[in-house]
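Spelled out, the chains give:
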Amino acid sequence: MKYLKYISFAFLLLLACSSPKSEKEQINQIIQVQESSIPANVSQLLVAIAEQPGNTQVSLFAMEKLDGEWKIRIGPVAAGIGDKGFADPRQKVEGDGKSPTGMFKLDQLFTYENLVDTKMPFTQSTSEDKWIDDPDSADYNRHVRGETSAKSYENLKLSSDAYKYCMVIEYNTDPVVKGKGSAIFFHLRESDTETTSGCVAVSEKDMLQVLKWLDPDSHPMIVMGDRQTLLNSSVQ
């Protein structure tokens, strides 16, 4: 009987040691791997994680660096990505239906509204605002207001609310490489299963929470990819 007690105790101890890591521990592992690529002036980070390669539904966390330590400020919240999942690092191409893997700046917000509760720079979208996705255009992966000779582009003011809040994810913007993908945004989705053509999309409630939190003085960026890729090596 005494030996049985010892065996039971050993089993419980082994179970405790092998229990799954907490959400906080898992996200901190990813941050540790990516830390060397995060610029020193960055203190706000969105992290979009797919549990498995090919997944189109991901978890999004808002992280803030305080006193040298990254802490979860928002999340996880549900988000949709490209309908083909994440591309392998540096492998995204125009029209592949995949979201890019990597670390990118968050910048200009386009919105249908004239007032937004955010510190981020924003522009009220008009029917003249376009994002060029024609690889042969001189304005490829650029914003244009007004006429364009490009053969294809994204209108930034739609009949739907998808781009009601549409923040530029600075993928393939500096420098722009023709054919490597364009119009990668952080925008809205209408249902909790909706995917995108390569963007990251969340509910309006979650978007408003993130926009209120973001601060350009914190030089916000987004890290995107499937969990194993983000744990294997820096994706910068």
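Look up: the structure comes first, before these words.
Attention here is on the structure that accompanies the text. (Residues numbered from 1 in each chain as written. Predicted model: local features only at pLDDT ≥ 70, side-chain atom pairs only at ≥ 80, totals over all residues. Heavy atoms only, no water.)

What to know about the side chain of K164
- Position of K164 among the secondary structure elements: in the loop between strand 8 (153-155) and strand 9 (165-169).
- Leaving out residues up to four positions away in the same chain, K164 has contacts with F110, T111, Y112, E113, L188 and E204. (Helix = DSSP H or I, 4+ residues; strand = E, 2+ residues; numbered from the N terminus. Contact = heavy atoms within 4.5 Å.)

What about the pairing of strand 12 (residues 221-226)?
- The buried count for strand 12 comes to 6 of 6 residues, which makes it a mostly enclosed element.
- Residues of strand 12 alternate between two faces, with M221, V223 and G225 on one and I222, M224 and D226 on the opposite face, all of them buried.
- With 4 bridges joining them, strand 4 (residues 102-111) and strand 12 adopt antiparallel strand pairing. Across the sheet, K105 pairs through a bridge with M221, a residue of strand 12. (Buried < 20%, exposed > 50% of the residue type's maximum accessible area, 1.4 Å probe, protein only. Pairing = 2+ DSSP bridges.)

Examining the packing of aromatic side chains
- Within the structure shown, the criterion is met by 4 aromatic pairs.
- Aromatic pair W131 and F185: ring centres 5.5 Å apart, planes at 90 degrees, arrangement edge-to-face. Placement of the pair is W131 in strand 6 (residues 129-132) and F185 in strand 10 (residues 185-188), with a sequence separation of 54 residues. Side by side, W131 and F185 carry an identical accessibility label, which is buried.
- Taken together, the ring pairs connect F110, W131, Y163 and F185 into an aromatic cluster.
- The ring centre of Y153 lies 5.7 Å from the NZ or CZ of K130, which sits over that ring. (Phe/Tyr/Trp six-rings, centres within 6.5 Å; stacked < 30°, edge-to-face > 60°. Lys NZ or Arg CZ within 6 Å of the ring centre and 35° of its normal.)

Observations concerning the sheet that holds strand 8
- Sheet architecture is open: 3 strands sit in the order 7-6-8, paired in antiparallel fashion. A strand with exactly one partner marks an edge of an open sheet, and here the two such strands are strand 7 (143-145) and strand 8. Across the sheet, the mean angle separating the axes of adjacent strands is 30 degrees when strand polarity is ignored.
- Pairing between strand 6 and strand 8: 3 bridges, direction antiparallel. In the strand pairing of strand 8, K130 is matched with N155. (Axes fitted to C-alpha atoms, helices over the stretch in contact; angles between N-to-C directions.)

Notes on the nonpolar core
- Judged by nonpolar contacts, the single largest core of 32 residues is most densely connected at L46, I169 and F186.
- Per-element accounting of this core gives the leading share, 4 residues, to helix 3 (residues 204-213).
- Counting residues in each nonpolar core, the second largest holds 16 residues, with I38, V47, F61 and M103 among its members. (Core = buried A, V, L, I, M, F, W, Y, C linked by side-chain atoms within 4.5 Å.)

A short note on helix 2 (residues 23-34)
- Helix length check: helix 2, at 12 residues, gives a terminal C-alpha distance of 17 Å against a target of 16 Å (1.5 Å per residue), a fit within 8%.
- Buried within helix 2 are the following residues: I27, I30, I31 and Q34. The arc enclosing the buried residues of helix 2, seen along the axis, measures out at 100 degrees, which places them on a common side.
- Buried residues along helix 2 sit in contact with strand 1 (44-50), strand 2 (57-66), strand 3 (69-80), strand 4, strand 12 and helix 4 (227-232). (Expected span 1.5 Å × (residues − 1). Arc of directions from axis to C-beta.)

Quick look at the pattern of salt bridges
- Following the criterion strictly, the structure yields 10 salt bridges and no others.
- Taking the shortest distance from any N to any O, the salt bridge between E35 and K65 comes out at 3.4 Å. Highlighted residues: E35 in the loop between helix 2 and strand 1 and K65 in strand 2, separated in sequence by 30 residues.
- Residue class for E35 comes out partly exposed when judged on its relative accessible area of 29%.
- Residue K65 is classed as partly exposed on the basis of its relative accessible area, which comes to 30%.
- Beyond isolated ion pairs, a larger network of salt bridges with shared partners links E113, K164 and E204. (Salt bridge = Lys/Arg side-chain N within 4 Å of Asp/Glu carboxyl O.)

Observations regarding helix 3
- If you check which residues of helix 3 are buried, you get D206, M207, V210, L211 and W213. Down the axis of helix 3, the buried set is contained in an arc of 160 degrees. They therefore lie on one face. Opposite the buried face of helix 3, at more than 90 degrees from it, the exposed residues are K205 and K212.

With respect to the environment of L158
- With respect to the helices, strands and loops of the structure, L158 is situated in the loop between strand 8 and strand 9.
- Measuring from C-alpha to C-alpha, the distance between L158 and S203 comes to 17 Å, with 45 residues separating the pair along the chain.
- Sequence-distant contacts of L158, that is, excluding residues within four places in its chain, are made with Y112 and Y163.

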